Amino acid sequence: QVQLVESGGGLVQAGGCLRLSCAASGSIFSINFMGWYRQAPGKQRELVAGITSRGSTNYADSVKGRFTISRDNVKNTVYLQMNSLKPEDTAVYYCRAIGKVDYWGQGTQVTVSS
């Protein structure tokens, strides 16, 4: 079993920045992939950024150059650094871990005002 605890969401002005954290515990060594997803009102949940067990990363086109996903293996935590935030980035952001089964965090709200 894997537990994911997210933090770092909040309200910021356009052009600002936030860093989201996802701390994993439990059967950590079974995880092959971790990623950040978001879901805005009336929209489908989408992949924002992902990182594999080998360290390869990928990003949605809409966030390339602005967001960075990283990991701290000592702390068993992944981060999403979000810079130059736009109102269209407003969504609930979810952490996901894929191993033997899928695990999801509870979500954290990010609101970007104009």
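Summarised in this report is the structure supplied together with it. (Residues numbered from 1 in each chain as written. Predicted model: local features only at pLDDT ≥ 70, side-chain atom pairs only at ≥ 80, totals over all residues. Heavy atoms only, no water.)

**Section: the pairing of strand β11 (residues 108-113)**
Then comes step 1: Burial along β11 is one-sided: the face carrying T108, V110 and V112 is buried and the face carrying Q109, T111 and S113 is not.
Then comes step 2: Bridge count between strand β2 (residues 10-13) and β11: four bridges; the pairing is parallel. Bridged to G10 within β11 is V110.
Then comes step 3: Here three bridges tie strand β9 (residues 91-98) to β11, and the two strands are oriented antiparallel to one another. (Buried < 20%, exposed > 50% of the residue type's maximum accessible area, 1.4 Å probe, protein only. Helix = DSSP H or I, 4+ residues; strand = E, 2+ residues; numbered from the N terminus. Pairing = 2+ DSSP bridges.)

**Some details on the packing of aromatic side chains**
Then comes step 1: Counted by the stated rule, this structure contains two aromatic pairs.
Then comes step 2: Each member of the aromatic cluster is reached from another via a ring pair, and the members are Y37, Y94 and W104.
Then comes step 3: When the ring centre of Y94 is taken as reference, the NZ or CZ atom of R45 above it lies at 3.8 Å.
Then comes step 4: Between the NZ or CZ atom of R45 and the centre of the ring of W104, over which it lies, the distance is 4.8 Å. (Phe/Tyr/Trp six-rings, centres within 6.5 Å; stacked < 30°, edge-to-face > 60°. Lys NZ or Arg CZ within 6 Å of the ring centre and 35° of its normal.)

Nothing here speaks to function; it is geometry throughout.
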